[in-house]
Structures are given as structure tokens and as C-alpha cells.
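Survey of secondary and tertiary structure
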Amino acid sequence: MEQRKRIYLCLAHMSENGMEQKYIKDAFDQNWVVPLGPNVNGFEADLEAFVGQNKHIVALASGTAAVHLGLLCCGVGRGDEVMTQSFTFCASSHPITYLGAQPVFVDSEPDTWNMDPVLLEEAILDRIRKTGRIPRAIMPVSLYGMPYCVDQILRVANKYNIPVMEDVAEGLGSNYRGRPLGTFGRYGVLSFNGNKMITTSGGGALICPSEQEADRVKWYATQAREAYPYYQHEDIGYNYRLSNICAGIGRGQMTVLQDHLAHHRHVQKLYEQLLAPVQGIEVHCAPSEDYDSNYWLTTITLDPKLQVKGQAWAYSQAVNGAVGGAASVVHGGGTLRTDCQPNDNVEAMRVFLNNRQIESRPLWKPMHRQPVYKDAPAYTNGVSEALFRIGLCLPTGPCVSDDDVHYIVECIKDGIG
Ligand SMILES: *Cc1c(COP(=O)(O)O)cnc(C)c1O
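Note that the structure is a prediction, hence the values are computed from the model and not measured. Position numbers for residues count from 1 along each chain, tracking the sequence in the order it is written. Given that the model is predicted, a residue must reach a pLDDT of at least 70 before its local features are reported, and side-chain atom pairs must reach 80 or more before they are shown or counted; all residues, however, enter totals for whole chains, interfaces and linings. Only hydrogens and water are removed before side-chain values are computed, so all heavy atoms of the structure are retained for them.

**Some remarks on empty space enclosed by the protein**
For cavity detection a 1 Å grid was placed over the protein atoms alone, and a set of points counts as a cavity when a 1.4 Å probe fits there but cannot get out; an open set counts as a pocket when protein lies on both sides within 12 Å along at least five of seven lines, with lining residues being those that have an atom within 4 Å of a point. Grid points are joined across faces, edges and corners, and a volume is the space filled by probe spheres set on the points. One pass over the structure, following the stated rule, counts 1 cavity of 30 Å³ or more. When its volume is computed, the largest cavity comes out at roughly 50 Å³. As for the largest cavity, its lining consists of L143, Y144, M146, H284, S293, Y295, L297 and T299. Taken together, the residues that form the lining of the largest cavity break down as 5 nonpolar, 3 polar and no charged. Marked domain ranges trace back to an automatic or database domain assignment. Residues lining the lining of the largest cavity come from more than one domain, with at least three contributed by each of domain 1 (19-256) and domain 2 (258-415). Three classes are used: nonpolar for Ala, Val, Leu, Ile, Met, Phe, Trp, Tyr, Cys and Pro, charged for Asp, Glu, Lys and Arg, and polar for all others, with Gly counted as polar.

Structure representation (C-alpha cells):
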């Protein structure tokens, strides 16, 4: 059999004309090899031009850092509660705990797979009843790039006067009713990790409502230094600013952002077309034109009745290293099964595709089912857990060609039966 090049979910992809290296070279030539400088300013200006809405943007060392500082600036502190989407990557909720606050997980609605606005309101009322206090912030997420129910979530937030921080780490370039995600809340979080829509290798940004707010975030991100000739500290700060080298990559990547967006949307359409006749497999699509997803990852669901080759011995083999990427820092799994995991046919399909040099990945496991959050309050309706059992992410990134998509769909068909 021919040896195919492995197809990954979403790999970093540099501009054809080497713009990233040009900006990095500028940084070296000008001796700006520090976490501030012309590339940082230039990258922030490019991002501000892209999202518009008179927003001010602060480039940070990671999306996780942006979540952390955004929550801090919402006033989240020890003993506070933050309403957050359960169906997300851990970087939404972990920073809540860094602040000594408590994540309160809210389940998803079935159309966008994001925070259920009706459940959110019920949860807020229950928190007020139980704790006598109003939650400090609401954090909806744009999972796989799909816009959340912006209008309904904002209505609930405004009713109880709770600030919204949008985690749109996966949703750069997504729009709700024609307006960029991340510009609806008080703050919006972006990520430029290696697998996101664009990358700075590692990096993130916080979208802020004003220059004063952005200055406050920059101040927290540079150890909260007071204006004295010597180091004077009256508050706790962080070392969270983006490196001028990484920002150079970001400036280069901004020149290909529109291409990447067009590519992801094209790949999604192609999957939709090719998988339409395949019984038992459904591609997740936006519920209406109001929800303009960047389709960062194409996601499918498998009918539990679908038979997949190798299903009988699913989960018999331990996963060596992380599913996709951080192999060196993942603890060895203790047991092969947990009490909340994808169905056997989903795992069998993942293994089947993996053996054909295709990376796929289960949907994110809901935070309310993660052992580390077993004591966190959760308001559930079964939606995210049910999706986690049947869903799979498919390769969608800029390195995935039309030919690859055809091959992947053929392999999925081969895997059935
Ligand atoms: C990637 C991601 C983040 C964090 O971004 P990093 O840059 O990796 O720290 C936050 N939230 C979600 C939903 C993400 O997918």
C-alpha cells in the first residue's frame, strides 16, 4: 500500500511569501527581542482592524492568559462564581480556579452546541438562591468556531447585570449577524496556539472595550509595576505579554487569515457534500445564516447503531501520549475506560482513520464530567454528554486539500460495516 502523508486536524501554516520571517528578522535587526515592541504594536493594530467595533486589543502570551486577565478585570476573585460553558476546552475554566473562584458549569443547547441560554438563567437564579450572591461573570464559548446564541445570552446577562467574557479562542473570524464574535461581551478571548485559525506558535489576545481597559490589562500583564524610578508594587501582576518575536509571526499570519477562513469554510462544505449520502453520519452545521461559523474544525456525529470495523475491541489499546500533540506532558492513562467516554463505534472509527494516517479526535469532554471538576456545581440537560459520546472532529486546517477530504470520506465509508 502506498505510504500517505499523515493528515492532521489543524496544523500551523505559514504564508507563501515568508512574511512571518520578515517580521521576525525585523525584530532581530532592530534588537527588539523582548515581550514588547513594533511587532506587538503592529499585530495589535492588525487585529483591531480585523475585528473593528472600536475595540482595543492586547496581545498576550496565550489564550489561557487572556481568559485569566479578562476574568480578573471582570472583578472575579476569591469565593466568586463564574458561569461557564461545560462543553469546552479546559482553558476556559482552569483560569477561574487560578483566581480562587468557582466555575459553575452550564450545559449546551443542541443547535450550536454552545451555552444554553434558558439553562443559564435557571442556573443564575439557583446560584442566587443558594449563595445569596450574583455570579461575577458569564463565559460563553464558540466551540469549533460556531457562534453561541449571542442575543439570548446577552439578554440574560443584562437582566442580571453580569459581565460577559466571550471565549472565542476557536472562533476568530466567526460572525453573529454579521458582527465578529468577541466584540459582543465586555471582553473577548483569542488564541494563536499552533492549532488555531492563525498561530504565533503560542499566543493569545484580549479584546477590550476601551483604551483605558486595554492599558489596565497591559499593566497586569507586565507585573503590575507602578510609575516610580524603582520597582514599586501595590498589586499582584503577571508576566503575560506576547513576545515581539511571536508577534512577528502573528503579523505574517494576519496576511493569510482571510485565506485560512475561506479554506476552512470550503473544507466544511466539501465534507457536507460528500458525507450527505452516508447513512449514520451527520455533519454539524450552523442552525441559520445568523450563525456564520469559521468552521475551525468540521465535526461529525455517528449514529450509535452504526457498525464500525474493529468496534468489538475498541478501547483495548492504551493511547500513547496525548491525542494530538502534547505527547510529552500527558500522564499515562490509569484505566482504558472511564464512566464517560465516546461510544465504541466512535473510538473504532478514530483508530480506523488513525491507521490510514488520518488524525481525528473525539469532541471535547464536558468539564462537568472531568474528575478535576467533580465538586463544581453543574446545570445539565444531557446535551454535551450525549454529543461527547457520538462526536468526532475531522481534519480541516489549511494543510488539508480537497484530495485529502475525498480520501478521508472514502476511509470513513470503508470503516463502516
Ligand atoms: C485554545 C483554547 C483556549 C486557550 O488558548 P491557549 O492559547 O492554548 O492558551 C481557550 N479556550 C478555548 C475554548 C480554546 O480552544
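**Considering the state of the cysteines**
When the sulfur atoms of two cysteines come within 2.5 Å, that pair is taken as a disulfide. As enumerated under the stated definition, the model contains 0 disulfides in all. Just so you know, C149 is unpaired, no disulfide at all, and the nearest cysteine sulfur is the one on C285, 16 Å from it. Each residue is placed in one exposure class: buried if its accessible area under a 1.4 Å probe, protein chains only, is under 20% of its type's maximum, exposed if it is over 50%, and partly exposed if it falls in between. Judged by relative accessible area, which is 6%, C149 ranks as buried. No disulfide involves C399; its nearest neighbouring cysteine sulfur is the one of C10, lying 8.1 Å away.

**What to know about the sheet that holds strand β7 (residues 179-180)**
Across the sheet, 3 strands lie side by side as β7-β6-β11; this open sheet has antiparallel pairing. Looking at which strands have only one partner, the edges of the open sheet turn out to be β7 and β11 (291-292). Here, strands pair whenever DSSP counts at least two bridges between them. Numbered from the N terminus, helices here are DSSP runs of H or I no shorter than four residues, and strands are runs of E no shorter than two. With 2 bridges joining them, strand β6 (residues 175-176) and β7 adopt antiparallel strand pairing. Its bridge partner lying in β7, Y176 is registered against R179.

**Quick look at the domain arrangement of the chain**
For the chain, the domain assignment lists domain 1 (19-256) and domain 2 (258-415). Each of domain 1 and domain 2 was reduced to a C-alpha centroid, and the two centroids are 26 Å apart. Here, two residues are considered to be in contact whenever any of their heavy atoms come within 4.5 Å of each other. With 50 residues of domain 1 at the contact, the number on the domain 2 side is 38 residues. Defined here as a combined quantity, buried area equals the accessible surface (1.4 Å probe) lost by two parts on assembly, summed across both. Buried surface at the junction of domain 1 and domain 2, both sides included, amounts to about 3700 Å², of which 60% is carbon and sulfur. Of all residues in domain 1, the largest losses of buried area upon contact with domain 2 belong to W113, Y144 and M197, amounting jointly to 22% of the total for that side.

**Considering the packing of helix α1 (residues 19-29) against helix α8 (residues 244-254)**
Where α1 meets α8, the axes come as close as 7 Å, and the angle between the chain directions of the two elements is 150 degrees. By the criterion of interaxial angle, the relationship of α1 to α8 is roughly antiparallel. As α1 packs across α8, the resulting crossing turns out to be right-handed. Between α1 and α8, the contacting residues are M19, E20, Y23, I24, A27 and F28 on the first element and N244, I245, G248, I249, R251, G252 and Q253 on the second. Within the contact of α1 with α8, the residues separate by chemical class into 7 nonpolar, 4 polar and 2 charged. Comment: axis = line fitted to C-alpha atoms, over the contacting stretch for helices; angle = value between 0 and 180 degrees taken between N-to-C directions. Small angles under 35 degrees read as roughly parallel and large ones over 145 as roughly antiparallel, with 65 to 115 read as roughly perpendicular and the rest as oblique. Crossings are classed by handedness, with left-handed meaning an anticlockwise turn of the near helix from the far one by less than a right angle and right-handed meaning a clockwise turn.

**A word on the pairing of strand β9 (residues 204-208)**
Counting buried positions along β9 gives 5 out of 5 residues, so the element sits mostly inside the fold. Residues G204, L206 and C208 point to one face of β9 and A205 and I207 to the other, with burial holding for every one of them.

**As for the pattern of salt bridges**
A carboxyl oxygen of Asp or Glu within 4 Å of a side-chain nitrogen of Lys or Arg is what we treat as a salt bridge. Per the counting criterion, the structure on display carries 23 salt bridges. Residue R127 is joined to E81 by a salt bridge in which the shortest nitrogen-to-oxygen separation is 2.8 Å. You can see R127 sitting in helix α5 (residues 117-131) and its partner E81 sitting in strand β2 (residues 81-85), a full 46 residues away along the chain. Grouping residues by exposure puts R127 and E81 together as buried. With a closest N to O distance of 2.7 Å, E385 and R369 form a salt bridge. Taken as a pair, E385 in helix α11 (residues 383-390) and R369 in the loop between β13 (361-362) and β14 (378-379) lie far apart in primary sequence, 16 residues in all. Its relative accessible area of 18% is what places E385 among the buried residues. Within the structure, one salt-bridge network assembled from shared partners comprises D339, R369, E385 and R389.

**Some details on the environment of K365**
As for its position among the elements, K365 is in the loop between β13 and β14. Through-space distance from the C-alpha of K365 to that of P342 is 9.0 Å; in sequence the pair is 23 residues apart. Apart from the residues within four sequence positions on either side, K365 is in contact with T88, T338, C340, Q370 and F388. Any pair of nitrogen or oxygen atoms within 3.5 Å is treated as a polar contact; in protein, a donor-acceptor pairing is required on top of that, and neighbouring residues in sequence qualify only through side-chain atoms on both sides. At a separation of 2.8 Å, a polar atom in the side chain of K365 contacts the main-chain carbonyl oxygen of C340.

**Describing the site of the ligand**
Whether a residue is near a molecule or strand depends on its heavy atoms: it is near if one of them lies within 4 Å of it. Surveying the vicinity of the ligand reveals 15 residues, the closest of which are G63, T64, D167, E170 and K196. Note that a nitrogen atom of the ligand is positioned 2.7 Å from one of the side-chain N or O atoms of D167. Note that an oxygen atom of the ligand is positioned 3.1 Å from one of the side-chain N or O atoms of K196. Reported accessibility uses the Shrake-Rupley method at a 1.4 Å probe radius. Residues are deemed covered only where the shown protein chains occlude them. Contact with the protein chains removes 94% of the 380 Å² of surface that the ligand exposes when unbound. Here the residues of the shell around the ligand are counted per class, giving 4 nonpolar, 8 polar and 3 charged.

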